[in-house]
Amino acid sequence: ESHQAYSYSKLVAEKEAWAIAKAQDRWDLVTINPSMVFGPSLTKHSASGSIGVLKQLGDGTGKLGVPIIMMSMVVVRDVAQDHIKAGFTPSASGRHILAATEVSLLDISKILRGHFGDAYPLPKREVPKFMVWLTAPMIGLTREFVKKNVGHPIKFDNSYSKKDLGLEYRPIEETFIEHFQQIIDDKLI
């Protein structure tokens, strides 16, 4: 509950939605569960987690190295399209995990470095887990978060979203570059 409150709140909300849906027979429930969403935002005043990740990669915060953190990601345009598909596909049903792929912070940095070169102090290496654990309180992480998240591989099964909604995921490289460029254009770094 307190370890990753945001994710936990999403789980509780979805469980409640399924309980409400089961208690009635007037409508069907289809859920869309996106992983971390990346892609240009509609406003520069967004306080999204994805903007925070890209800002920290580009502003020098991780210049000396980043934790070995894997995350699943999806392109914002795919999330929007899938909500529409879920609402307008009569046969759609159940729970849909939206996850284009899994990437590490260093993977994202490599994609950005490949496009932007050395114009920004993007990380070039990963920091060993024990060092992240030692410095966790100083860098805004809990040791519990480090223990449960750093250095652990993840894999999400998106096959049902592909089958039920006919989803085809967009390439991630272009999305990271567009999103980072928007952060630059908005003078966030």
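Here the structure is shown first, and the text comes after it.
A short tour of the structure in this document, coming up. (Residues numbered from 1 in each chain as written. Predicted model: local features only at pLDDT ≥ 70, side-chain atom pairs only at ≥ 80, totals over all residues. Heavy atoms only, no water.)

**Focus on the side chain of S35**
So, point 1. Secondary-structure assignment places S35 in the loop between β1 (30-34) and β2 (36-38).
So, point 2. Apart from the residues within four sequence positions on either side, S35 is in contact with S72, M73, V74, L98 and A99. (Helix = DSSP H or I, 4+ residues; strand = E, 2+ residues; numbered from the N terminus. Contact = heavy atoms within 4.5 Å.)

**Here's the deal with the pattern of salt bridges**
So, point 1. Applying the stated criterion across every chain yields a total of six salt bridges.
So, point 2. With its nearest N and O atoms 2.7 Å apart, the salt bridge here joins D118 to R113.
So, point 3. In this structure, K148 engages E144 in a salt bridge whose closest nitrogen and oxygen atoms are separated by 2.7 Å. Residue K148 and its partner E144 are located together in helix α6 (residues 143-149), separated by four residues, close to a single helical turn.
So, point 4. Judged by relative accessible area, which is 35%, E144 ranks as partly exposed. (Salt bridge = Lys/Arg side-chain N within 4 Å of Asp/Glu carboxyl O. Buried < 20%, exposed > 50% of the residue type's maximum accessible area, 1.4 Å probe, protein only.)

**A look at helix α3 (residues 76-88)**
So, point 1. Along its 13 residues, α3 runs 19 Å from first to last C-alpha, staying within 8% of the 18 Å computed at 1.5 Å per residue.
So, point 2. D78, V79, D82 and A86 are the residues of α3 that are buried. Seen from one end, α3 has its buried residues packed into an arc of 100°, which puts them on one side. Within α3, the exposed residues directed more than 90 degrees away from the buried face are I84, G87 and F88.
So, point 3. Where α3 is buried, its residues touch β1, β2, β4 (70-75), β5 (94-98) and α7 (159-165). (Expected span 1.5 Å × (residues − 1). Arc of directions from axis to C-beta.)

**Brief notes about the packing of aromatic side chains**
So, point 1. The final tally for this structure, using the stated rule, is four aromatic pairs.
So, point 2. Pairing F38 with F176 gives two aromatic rings, centres 4.9 Å apart and planes at 65°, and the pair type is edge-to-face. Highlighted residues: F38 in strand β2 and F176 in helix α8 (residues 172-185), separated in sequence by 138 residues.
So, point 3. Residue classification places F176 among the buried residues on the basis of a relative accessible area of 0%.
So, point 4. By the ring-pair criterion, three or more aromatic residues cluster together here, those being F116, Y120 and F180.
So, point 5. For R143, the ring lying beneath its charged end belongs to W133, and the centroid distance is 4.3 Å. (Phe/Tyr/Trp six-rings, centres within 6.5 Å; stacked < 30°, edge-to-face > 60°. Lys NZ or Arg CZ within 6 Å of the ring centre and 35° of its normal.)

**Some words on unusual backbone geometry**
So, point 1. In the Ramachandran plot, K187 falls in the positive-phi region, its phi being about 60° despite a non-glycine side chain.
So, point 2. With respect to the secondary-structure elements, K187 resides in the segment after α8.
So, point 3. Taking the relative accessible area as the measure of exposure, K187 reaches 71% and is therefore exposed.

**Focus: the packing of helix α4 (residues 105-116) against α8**
Think of two packed helices as two axes; the pair is described by the angle between the axes and how far apart they sit.
So, point 1. For the pair α4 and α8, the least separation of the axes is 10 Å and the interaxial angle reads 70°. The orientation of α4 relative to α8 falls into the category roughly perpendicular. In this structure, α4 contributes I108, I111, L112, H115 and F116 to the contact, and α8 contributes I172, E173, F176, I177, F180, Q181 and I184.
So, point 2. The residue makeup of the contact of α4 with α8, split by class, is nine nonpolar, two polar and one charged. (Axes fitted to C-alpha atoms, helices over the stretch in contact; angles between N-to-C directions. Parallel < 35°, antiparallel > 145°, perpendicular 65-115°, else oblique. Nonpolar A, V, L, I, M, F, W, Y, C, P; charged D, E, K, R; others polar.)

Just distances and angles here, no functional claims.
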